[in-house]
Every structure is written in C-alpha cells, then in structure tokens.
Amino acid sequence: MSSGFSGDFFTAGGFTGRPTATNNPQNVYNLADPASRIHHRRPDLIGKRALAEFQAQQQLLQQQQALRLYLRNVKPRTCQNPSPICPLSADFSASVSPDISSISSTSVSSSPAISTRYGRPILQQQQIRPQPINLGNGGSAIPFNHPNFSGVSYPNLLPNRGVNRETGEESEKKMMNRLHELEKQLFDDNEEEEDTISVVTNSEWSETIQNLIGSTQKPISPTSSSSSCSSSSASPQTLSPKQSLIEAATAICEGKTEVASEILTRLNQVGNIRGTAEQRLTAYMVSALRSRMYPMEHPPPVVELYSKEHAISTQLLYKFSPCFKLGFMAANLAILEATSDQRPCKLHVVDFDIGQGCQYVHLIHALAARKADNSPSLKITTFTDFMNGGEEKLKLVGDELKTRANEVGIRFNFNVLSLKTTDLSLERLCVEENEVLAVNFAFRLYKVPDESVTTENLRDELLRRVRGLSPAVVTVVEQEMNANTAPFMARVTEACGYYGAVFDSLDATVLRDNPERVRIEEGLSRKAANSVACEGRDRIERCEVFGKWRARMGMAGFNPKPLSPLVSDSLRTLLNSGTCGNPGFTVKEETGRVCFGWMGRTLTVASAWR
C-alpha cells in the first residue's frame, strides 16, 4: 500500500474499485496488466496530475509539511499493486521521522466495526524497511542511507500530460479546491456498508497534520542515529550510592571539598535511615564523611563510644546478629574443649570486657549438660578498667549470672578487679590449683591501641602479659575488617562493604521498624563514623583481618589451637534451627578457625590459641 492515496482510488467505475459497464464494456480488466487500468482512466480525474506536481513542488520546498499535508488513507481494494503512473504510490516513509513514517505506512481496516465513514481512520502501525526511490527517466536509485539523500524528490513523471506548472499561492489555492471536490465526491458515494471507506475531513486533516508537524520538527538524517548513539554513550553512567561515596572520599582525600560537598548533598537525597539497608547505610556514611570534612561543625563520635547508649546498642547487636552471637558460642565451645579431660571441672575464665554477661549464660548451661561431671565450678574474673559503668554495674551482672548458675547446679564465683596491664599475674587473679585458666578476648582486642597509635603498644603488651599466665586456651573473636593501619580511602571502602553486609543481614533477623534495630544501626553508625572520620587516639575502632591477628598472636608467643569440626557442625546446626535459619548466613571452618558471614562475606572469625 502506498503512503497516501491508493492506486485503486483512481480506477474506472467510480471509487469502489469495481469496473462498470459505463467505462468498461467488457466488465473486466486485467489485474496483472497495469496498462488495462490506464486505458480506462476517467478524464475528469486528470486533476490528479496537478496534485502530484503540486506535491512534488511542495516536497522540494517543504518536504515534511507537504508529506504530512497530503497523506490520506483509503480502504485497500482488490488490486494490491499501486498504479505505475501515480506518484503518490511511492514510499514516503524514509524521508520523515519514525513516528510519521509509521503513520504514513498504515492501512485502514475494512471492517465496519473498525473504520467509520466520517471519523478518523484507525491507523495500524507497521515497520516498513526504507527502499530506494527510482527517480524515473533513467535516473539512478538513491538509497535512503546515502549521504546525499535529503528527502523524496520527484521529476516530471508524466511528461505527456501537457499541464502547466503552477507555483505559490495560486497553485495551492487550486489544489485545495480540487481536494474539496474529491472529498465531496467521496462523501456522496452510495456504496454498501461493508464497502465503506474511511476518510478524514478537511478540518480534522489539517489539525492532525499540524500536530504531527509540531511534534517532529526536523527530519531524520543519515547521521542522526549515530550522533544520538554517540551522545548517549558519552553521557556519564549512573553510579551506585557506594560508588558515589567512594568518589566523595576521593575528593576529600584530594582536598576538593566543594566537589565532595556536592556529592554528599546529592547522596543525602538518596539516603534514608528508615529505608532499605542500602539507603540506611548511605545516610550514615554521608554523615561520617561530613564529620571527616567538617569535624568542628559535625564532630565525629569518640566519647559516645563509651556511653551507656552505645553499650546497649552493642549488646543488642550481639543478641540479634547470628554472626556475632555464634562467635561468642564458638569461644565457649573452645573453652569447654580445653576442660574436656578434667574431672571434676574447675574452670576459671578471665574476661577483659564481659559486657552484660550474656555469653556466660550459654557457658553455664553447657557445663550443666555434662552428665559425667557431677560438681563443675565456674569462676569469672573481669576488670573495671575495661567496662563502662564501674564496679556497681559489674556486680549486678555477677548477681544475675550467679542466679542462673544456681538454677542448674553450678558452683559460681564472680570477681571484679581493678588492675593495670603491667600488674597482671596469677597471684593477682587468684588462680587456684587445679583450675583450668582460660582467657577470653571476644570483640575486645580491636579497641586496644597498638604501635600505630602509641609507642607503648598496649595491644601487644597485653598479649605478652596474658602469655605469661600460661592459660590452657585463649579465645579471640573479632570482626573481619581491615580498619586499623589502612589509609583513609581503604577504610571508607572497607566500611561500605562490611557495614553494608551487616545492615543487609539485619533484614533477615529484625524488622525494619523495630526500635531495637534502630538502636543497633545507630550504634553501627557510630562505629563506622569513628573508623572513617577519626585518626590517632580518637580512632577507637581499629579492627584487623584474621591474617594480621595470626601474625600478632604468633609474635606474642601463641600457637594456633585448631577447633574441632564438631564446633562448626554444632554451630551450623544451631544456626539452621528454629527462626534463626536463613540461607544467607554461613558457618565454615578454615584451617582451625570458624568463620561466620553473610552472603559470602565473612563478618566475624573465632579462633583459639595456646
């Protein structure tokens, strides 16, 4: 079908496409022979040539407007081949924009339910591949992708008709009169309902053409597609919040505060402490980086890490996060393995940061479960120097643990000492004969300053003093995070990855709107901000990966004490039981240590030493 009028519109016998006795005595014409259709053309339709020439002139002056102005759709007749002498049967689709091309190449359904006599035709878009246009008179075909092609150009396709060219307003006026006459003939057609053709009135036609012209102002050129692709590829890709945080940290590191401030302002619109895990992390990391840039206006948390609120949020984290909770249990199982050969069991545990004592509730019940041990005893020694709240609060923790021990028949003692590291000895700890001494460093060593902070190197000094006690076992549980001696940029990257995984894991255990989760995340934000924004003694959060802990323990004189496979198996069973089961959490043993992670990233590691 042509882009405008169909060739059948001009066949003999009116507008039905059927031959009549008046103009075709044989009442038949050869559909395969186009000459038979030319022979019976009505003389009163010679004005069609004026339409073609007018359209050719307008095409040269205003290509798109002429095309859109004279495009019409007529119901397809039985003959599918366009008239060879009708210039409007050419394919116009390549010289207009894609949306106009699709309209110009449409067909109108012959169904009465779809097409109407006076309404707008229902246009069915179809994809037509642009074809070269033969200019006639021996002219060569110019493909649409040729650089010299700028539209449809028509030479004089009907040189023998003898009609003079008309230009300007006079030609346009005559052409519009001819179109009105043709439409009038169409409207007076008395075909049956099933042969109804769909036309567009002049006002509707003009309105539609103007809308199309307004929506597409410039035609497609051979280079428009490539230029569009190049511009889209040159545009910057959308960065994730994590990538934007890294960019902001880079700008801060390079001293480009204005650039960093702009990025953080943009990220502040993405972050939301009540949104998804990623949005929450973004909001807290933006605050941390602002503290790094403007420490006076946005002071980073230092003293807050020793506050009561932070202690509560930390204990809630240990309670709700399996990676932390199972780390404590792994330490308990390592301690129990060290006492497996002693009967009766007399266990003395030295803990430098007992917290709320929740870890030892599990240890008390594990000791009571030993049926072969009739009278086990447990002594716990802790220190006020390593616990916020003083001796009174520690005594409350001891009283609670004693109550639990009495309930299950365990003899229990609780001691609170105030000692310096240099005063640490068996005598000061009141270690009795036949007691199995165990030292527990669960999430404690990372807060002790090392050689990068002070020449005293309190971290290594503490380990050497503990080594002098010759304990049966030393348990170390730490976060798997490289944030001690790493530079600023590396700490930002590590914080985004580590705390992002922790925030994600909380979705599996705590509802987002739970007030306890809010307190947990606020505590994590303080830890992240201190790790990123602070330096020197103000940076309390100095976590290290297991490889560094292994080197440090080795320099202090300790040897690894591999945990048995039963430890990891029992913890894995515990993880998958009850409401704690979630495929995102992982428990795996690696060369004697047990790693706990979320979605493939290790968050905590438990190990034993002697």
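Residues numbered from 1 in each chain as written. Predicted model: local features only at pLDDT ≥ 70, side-chain atom pairs only at ≥ 80, totals over all residues. Heavy atoms only, no water.

For the chain, an unreviewed UniProt entry supplies the name SCARECROW-like 8 and the organism Actinidia rufa. In the Sequence similarities (unreviewed entry) part of its UniProt record, the chain is described as follows: "Belongs to the GRAS family." (UniProt positions renumbered as here; feature names shortened; annotations may be inferred.)

## Quick word on unusual backbone geometry
Trans is the prevailing form of peptide bonds, just as negative phi is the prevailing case for residues other than glycine. Phi angles above zero are rare outside glycine, and N457 is one such case at about 50°. On the secondary structure map, N457 appears in the loop between β4 (436-442) and α16 (458-467). The phi dihedral of S470 falls on the positive side, at around 50°, and the residue is not glycine. For S470, the location among the structural elements is in the loop between α16 and β5 (473-479). Relative accessible area serves as the criterion here: at 53%, S470 is assigned to the exposed category. (Helix = DSSP H or I, 4+ residues; strand = E, 2+ residues; numbered from the N terminus. Buried < 20%, exposed > 50% of the residue type's maximum accessible area, 1.4 Å probe, protein only.)

## Some points on the environment of E432
Within the fold, E432 resides in the loop between α15 (426-429) and β4. In sequence terms E432 and H348 are 84 residues apart; their C-alpha atoms lie 8.7 Å from each other. In this structure E432 touches K346 and K379, once residues within four positions along its chain are discounted. Side-chain polar atoms of E432 contact the side chain of K379, separated by 3.4 Å. (Contact = heavy atoms within 4.5 Å. Polar contact = N/O pair within 3.5 Å; in protein donor to acceptor, adjacent residues only side chain to side chain.)

## Concerning the pairing of strand β3 (residues 411-417)
Across the two faces of β3 the burial differs, with F412, F414 and V416 buried and R411, N413, N415 and L417 not buried at all. Direction of pairing for strand β2 (residues 377-383) relative to β3: parallel, over a ladder of seven bridges. The residue of β3 that forms the bridge with S377 is R411. (Pairing = 2+ DSSP bridges.)

## Quick look at helix α10 (residues 277-293)
Since the α-helix packs 3.6 residues into each turn, any two residues three or four apart lie on the same face. An ideal rise of 1.5 Å per residue puts 24 Å on 17 residues; α10 measures up with 24 Å between its terminal C-alpha atoms. With 12 of 17 residues buried, α10 is to be regarded as a mostly interior element. Elements that come into contact with the buried residues of α10 comprise α8 (241-253), α9 (257-270), α17 (488-506) and α18 (515-533). (Expected span 1.5 Å × (residues − 1).)

## Regarding the side chain of T339
Assignment of secondary structure puts T339 in the loop between α12 (322-338) and β1 (346-351). For T339, a relative accessible area of 0% corresponds to the buried category. Side-chain polar atoms of T339 contact the side chain of R370, separated by 3.2 Å. Non-local contacts of T339, meaning those with residues more than four positions away in its chain, are made with C345, L347, R370 and V436.

## Focus on the packing of helix α11 (residues 308-320) against α12
Contact pair α11 / α12: the axes reach a minimum separation of 5 Å and the direction vectors enclose 85°. On the basis of the axis angle, α11 is roughly perpendicular to α12. Facing L317, Y318, K319 and F320 of α11, the residues of α12 in contact are P322, F324, K325 and F328. Looking at the contact of α11 with α12 residue by residue, the classes come out as six nonpolar, no polar and two charged. (Axes fitted to C-alpha atoms, helices over the stretch in contact; angles between N-to-C directions. Parallel < 35°, antiparallel > 145°, perpendicular 65-115°, else oblique. Nonpolar A, V, L, I, M, F, W, Y, C, P; charged D, E, K, R; others polar.)

## Remarks on the nonpolar core
Note that soluble globular proteins tend to have their nonpolar side chains buried in a common cluster. Core analysis: the largest hydrophobic core is formed by 112 residues, its most contacted members being L289, L347, L378, L401 and F441. For this core, the two domains that each supply at least three residues are domain 1 (241-300) and domain 2 (308-609). (Core = buried A, V, L, I, M, F, W, Y, C linked by side-chain atoms within 4.5 Å. Domains from an automatic or database assignment.)

## A short note on the sheet that holds strand β6 (residues 585-590)
Strand order in the open sheet formed by eight strands is β3-β2-β1-β4-β5-β8-β7-β6, and the pairing between neighbours is mixed. Taken across any chain shown, the strands that pair with only one partner, and hence form the sheet edges, are β3 and β6. Between one strand axis and the next, the sheet turns by 15° as a mean value, whatever way the strands run. Summarising the sheet, β5 and strand β8 (residues 601-609) pair through six bridges and their orientation is antiparallel. When the sheet's bridge partners are listed, V476 is paired in β8 with S607. In the packing of α17 onto the sheet, the strands contacted are β5, β6, β7 (593-598) and β8, and the crossing angle to β8 comes to about 95°. Running over the sheet, helix α19 (residues 546-555) touches β5, β7 and β8 and is turned about 20° from β8.

## Regarding the packing of aromatic side chains
In the structure shown here, the tally under the stated rule is 12 aromatic pairs. Measuring from ring centre to ring centre gives 5.2 Å for F324 and F443, while their planes differ by 40°; the resulting arrangement is tilted. With F324 in helix α12 and F443 in the loop between β4 and α16, the pair connects residues that are 119 residues apart, well separated along the chain. Pair check on accessibility: F324 and F443 agree, each one buried. Both rings, one in F352 and one in F441, keep their centres 5.2 Å apart while their planes meet at 5°; by these two values the pair is stacked. (Phe/Tyr/Trp six-rings, centres within 6.5 Å; stacked < 30°, edge-to-face > 60°.)

## Some words on the pairing of β8
The element β8 is extensively covered by neighbouring structure, given that seven of its nine residues are classed as buried. Alignment of β7 against β8, held across five bridges, turns out to be antiparallel. Residue pairing for β8: F596 is matched across the bridge by T604. Counting the residues between successive antiparallel strands, the hairpin from β7 to β8 contains two residues, one of them, M599, with a positive phi of roughly 50°.

## Some points on the pattern of salt bridges
Tallied over the full model, the rule gives 27 salt bridges. Of the charged contacts in the structure, one is a salt bridge between R539 and E535, with a shortest N-O distance of 3.4 Å. Under the relative-accessibility criterion, R539 is labelled buried at 6%. By relative accessible area, which is 37% here, E535 ends up partly exposed. E590 is paired through a salt bridge with R593; the nearest N and O atoms lie 3.0 Å apart. For E590, a relative accessible area of 26% corresponds to the partly exposed category. (Salt bridge = Lys/Arg side-chain N within 4 Å of Asp/Glu carboxyl O.)

## Re the environment of N440
Tracing the chain through its elements places N440 in strand β4. According to the relative accessible area criterion, N440 is buried, its value standing at 0%. In contact with N440, other than residues within four places in its own chain, are A331, V349, V350, D351, F352, Q359, Y360 and T475. A polar atom in the side chain of N440 sits 3.3 Å from the side chain of Y360.

## Let's talk about α19
Residues F546, W549, R552 and M553 constitute the buried set of α19. Projection of α19 onto a plane perpendicular to its axis shows the buried side chains occupying an angular sector of 120°, all on one side. Each element contacted by the buried residues of α19 is listed here: α16, β5, β7 and β8. Remark: G557 follows α19 within two positions and exhibits a positive phi of approximately 100°. (Arc of directions from axis to C-beta.)

## Considerations on the side chain of N457
The class of N457 is buried, set by a relative accessible area of 12%. For N457, the side chain forms a polar contact with the main-chain nitrogen of E451, separated by 3.2 Å. Reaching out from N457, the side chain makes a polar contact with the side chain of D460 at a distance of 2.8 Å. Setting aside anything within four residues of it in sequence, one finds N457 in contact with P449, D450, E451 and R552.

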